[in-house]
Amino acid sequence: ANEEFAAGRLDIGGGSFALHADGFHRRTDDYDIPGNADLYPEDEHEHEEEHDEEHDEEHEGEHGDEHGNEGDDSGVLDNSFLKNEGGTIGGSWIGEQWRLGAAYNEYKSEYGIPGGAHEHAHEEEHEDEEHEGEDHEGEDHEEEEAPVSIDMKSKRTEVELAGADPIRGFEQFKVRFADTNYEHTEFEGSEVGTVFNSDSKNTRMELKHDPWGAWQGVFGLQYTDLDFSAVGAEAFVPGSTTKTTAAFWIEHADIGDWQFDVGMRYDDVDIDVPNTLGPEQGSIGPGTDANFTPFSASAGVIWHLNDTLDLVFSMAHAERAPNVDELYANGPHIATQVFEVGDPNLDKESNLHIEGGARLTLGQFTASATVFNDNFDDYVYQEYTGEEADGLPVALWRQQDAEFIGAEAELAYDFEPNRYGNWRAFAFGDIVEGELSNNDDVPLQPPARTGMGLDWEYQGLSANTTWIHAFKQDNTSPFETDTPSYDLLNAELAYAVPNSGQFEWQVYLQGQNLLDEDIRNSTSTLKDFAPQIGRNVVLGVRMYF
């Protein structure tokens, strides 16, 4: 990607005062990819859609090679550039019993959206024109095909006050206030499309009580006021005000060989929408409001059976209020390349999570394994319809029960240090499968993965390599494409320069996607036309003083 990156951090202090500053700068070009941007060329993609409609799952092998890359390789993902920078400055006063701190952060980012929704829309228009006649032949359509880019700016101010022994029965008091202003502008070429703005004010207060025997815990209150607006011809979500008031309680205890954690939280969420978006793009509907009262509770236990084995179990009931997008969206969401349609009748989503596992330590060998089950009532998800609007696939926000089953495991072995240095080998794997109550697969599921790696240190040298195999993801919902398997190989070599005096230097070389694989993120709506970066190498220097 021809990336340039620099970052720095400074912490200084004296007496009761401490100061912090950091900043970074990054620039990249459109990045290289192993082959075509499109996972399935247009003719093959249409063929697959026909099979989807017929519920024929035997279309594997109909897309050329295993990655579906037919035709000439482009080698570059157009409009995948990135420019961002940011920094923070903060300071604290630290007394014997109280401390007060404040910080200001600013972040800017400009990046392209691969795929070009308006290019697809233009092509449809041009096909219509060709059917009508040759009158428009030679007409310049460059403006309609202008690439889409995002210009994002965020400013955040935080203040925190904390003190010890504030009142009888409590050992610590903490209150934090954060004000975040976020602006997101979508450009079509040099023309401003839609401007999104949100102003969020969040206040959180915590009181940590004195120990109740073996129990230590915190009571808390939180209030958030979020004002959101969207201005432009392609605003896909209406302006809104969301106010959330919450109360929570968390407890922890170590009793003999047992460790316990419990917690609960109650929220009151009020959403006010002055004007909704009508069925026709750009039209305005009547205002509305919604109220939700989610409640969540969890409990977990770890049993230290002996010095070798720990057993872990947890259970949680969690509820979530649908957000404004899920309720009231109606228009093209350029960042995800989907035409979203919300459902104002959505109810709150609830989930029962049950998890069990074990942790094993045998000398230099460690292992862990976890299995879990999630049962959702009124699970909120996007359902593709197979139709298009504004050149984008239409996705409706829907709700029905769903179940997820998953497992993950990790193994590691630390070899005895020898004349060749310190070595550590590890391996891991994870899998999750989700199914809706109508027996359809949950959309955009992650693939099953397995991997292994090796870490090494010798004097000033260190190195590591990691290999990950992601299996083909064919547990897909209707009108969703399968994602091919891939192998990801990353490596890093670092050298700490000796005898550098006041400064400590480290030079490092990183290799990412060394096999130059066509990697698609199955959880992304951009997977069909935006692969991840191909083989790339990073050379960098770190300095400490």
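For clarity, every value in this text was computed on a predicted model and none was experimentally measured.

Participant: Hey, could you run me through the overall build of the chain in this one?
Facilitator: A count of helices and strands for the chain gives three helices and 26 strands. Burial status across the chain gives 35% buried among its 545 residues. Long-range contacts, defined as pairs at least 24 residues apart, comprise 62% of the intrachain contacts of the chain with a sequence gap of at least 6. Per element, the accessible surface of the chain, about 30,100 Å² overall, is 52% carbon and sulfur.

Participant: What is the right way to look at the nonpolar core in this model?
Facilitator: The nonpolar side chains of a soluble globular protein tend to be buried, and buried together. If you look at the biggest cluster of nonpolar residues, it comprises 18 residues, and the most contacted ones within it are Ile271, Phe292, Leu327 and Tyr328. When residues of this core are traced back to their parent elements, those giving at least two are strand S10 (258–273), strand S13 (288–292) and helix H3 (324–328). In contact with Tyr328, not counting residues within four places along its chain, are Phe236, Pro238, Ile271, Val273, Thr276, Thr288, Asp289, Ala290, Gly342 and Pro344. In terms of nonpolar packing, the next biggest core, distinct from the first, is built from eight residues, Phe376, Tyr381, Ala402 and Phe404 among them.

Participant: Explanation requested: unusual backbone geometry in the structure shown.
Facilitator: Among all residues except glycine, the phi angle is most often negative; among peptide bonds, the trans geometry is most common. Its identity is not glycine, yet Gln459 carries a phi of approximately 50 degrees, on the positive side. Following the sequence through the fold, Gln459 ends up in the loop between strand S22 (449–458) and strand S23 (461–470). With relative accessibility at 73%, the residue Gln459 sits in the exposed group. One non-glycine residue, Phe479, adopts positive backbone phi at about 70 degrees. As for its placement among the helices and strands, Phe479 is situated in the loop between S23 and strand S24 (486–497).

Participant: It is not clear to me how the side chain of Glu492 should be interpreted in this structure. Could you clarify?
Facilitator: For Glu492, the position within the fold is in strand S24. Of the buried charged residues, Glu492 lacks a salt bridge, with Arg542 as the closest side chain of opposite charge at 4.0 Å. Residues in contact with Glu492, not counting those within four places in the same chain, are Ser462, Ala463, Asn464, Tyr508, Leu509, Gln510 and Arg542.

Participant: How do you make sense of the confidence of the model for the chain when you look at a structure like this?
Facilitator: If pLDDT is low for a region, its predicted coordinates should not be looked at in detail. Looking at the chain, pLDDT values average 89 and 88% of them are 70 or higher. Taken together, the stretch residues 45–72 has pLDDT below 50 and engages in 44 contacts with residues farther than four places along the chain or on a different chain. Predicted confidence is poor over residues 119–143, with pLDDT under 50, and the contacts of this stretch with residues over four places away or in other chains come to 13 contacts.

Participant: I would appreciate a short explanation of the environment of Asn475 in the present structure.
Facilitator: Inspection of the secondary structure puts Asn475 in the loop between S23 and S24. Here the alpha-carbon distance between Asn475 and Pro446, two residues 29 residues apart in the chain, equals 9.5 Å. Among all residues touching Asn475, those that are not within four sequence positions of it are Glu433, Asp441, Val442 and Gln445.

Participant: Explain the pairing of S22 to me, please; I cannot follow it from the model alone.
Facilitator: Across nine bridges, the pairing between strand S21 (residues 422–436) and S22 is antiparallel. Across the sheet, Phe426 pairs through a bridge with Gly453, a residue of S22. Inspection of the sheet shows S22 paired to S23 by ten bridges, in the antiparallel sense. Opposite Gly451, over in S23, you have Ile468 as the bridge partner. Counting the residues that bridge the hairpin from S22 to S23 gives two residues, and of these Gln459 lies at a positive phi of roughly 50 degrees.

Participant: Is there a simple way to explain the pattern of salt bridges in this structure?
Facilitator: Should the charged atoms of two oppositely charged side chains come close, the side chains can pair. The full count for this structure, using the stated rule, is 22 salt bridges. Residue Asp11 pairs with Arg9 through a salt bridge whose shortest N-O separation is 2.7 Å. Owing to a relative accessible area of 63%, Arg9 belongs among the exposed residues under this scheme. Between Glu158 and Arg156 there is a salt bridge, and its shortest N-O distance comes to 3.2 Å. Look at Glu158 and you get partly exposed, because its relative accessible area is 23%. Of the residues examined, Arg156 reaches a relative accessible area of 32% and is grouped as partly exposed. Among the charged side chains, a salt-bridge network with shared partners connects Arg99, Arg156, Glu158, Glu160 and Arg176.

Participant: How should I be thinking about the pairing of strand S7 (residues 191–209) in this particular structure?
Facilitator: Every other side chain in a regular strand lies on the same face of the sheet, so the side chains alternate between the two faces. Where strand S6 (residues 170–188) meets S7, 18 bridges bridge the pair, whose relative direction is antiparallel. Note on S7: the bridge partner recorded for Glu186 is Thr194. If you look at the hairpin formed by S6 and S7, you'll find two residues sitting between the two strands, and Gly189 has a positive phi there, around 70 degrees. Here 15 bridges tie S7 to strand S8 (residues 215–232), and the two strands are oriented antiparallel to one another. Of the residues in S8, the one forming a bridge with Lys208 is Val218.

Participant: What is the right way to look at the packing of aromatic side chains in this model?
Facilitator: Any two aromatic rings considered together are summarised by their centre-to-centre distance and by the angle between their planes. Under the definition given, this model contains 18 aromatic pairs. Taken together, Trp215, Trp258, Phe260 and Trp303 form an aromatic cluster joined through their ring pairs.

Participant: Hey, could you run me through the side chain of Gln222 in this one?
Facilitator: Mapped onto the elements, Gln222 comes out in strand S8. Side-chain polar atoms of Gln222 contact the side chain of Arg204, separated by 3.0 Å. Looking at Gln222, its side chain comes within polar contact range of the side chain of Arg265, at 3.5 Å.

Scoring rules and cut-offs
- Residues numbered from 1 in each chain as written.
- Predicted model: local features only at pLDDT ≥ 70, side-chain atom pairs only at ≥ 80, totals over all residues.
- Heavy atoms only, no water.
- Helix = DSSP H or I, 4+ residues; strand = E, 2+ residues; numbered from the N terminus.
- Buried < 20%, exposed > 50% of the residue type's maximum accessible area, 1.4 Å probe, protein only.
- Contact = heavy atoms within 4.5 Å.
- Areas by Shrake-Rupley, 256 points an atom, 1.4 Å probe, with all protein chains shown as cover.
- Core = buried A, V, L, I, M, F, W, Y, C linked by side-chain atoms within 4.5 Å.
- Lys, Arg positive; Asp, Glu negative; His and termini not counted.
- Salt bridge = Lys/Arg side-chain N within 4 Å of Asp/Glu carboxyl O.
- pLDDT = per-residue confidence, 0-100.
- Pairing = 2+ DSSP bridges.
- Phe/Tyr/Trp six-rings, centres within 6.5 Å; stacked < 30°, edge-to-face > 60°.
- Polar contact = N/O pair within 3.5 Å; in protein donor to acceptor, adjacent residues only side chain to side chain.

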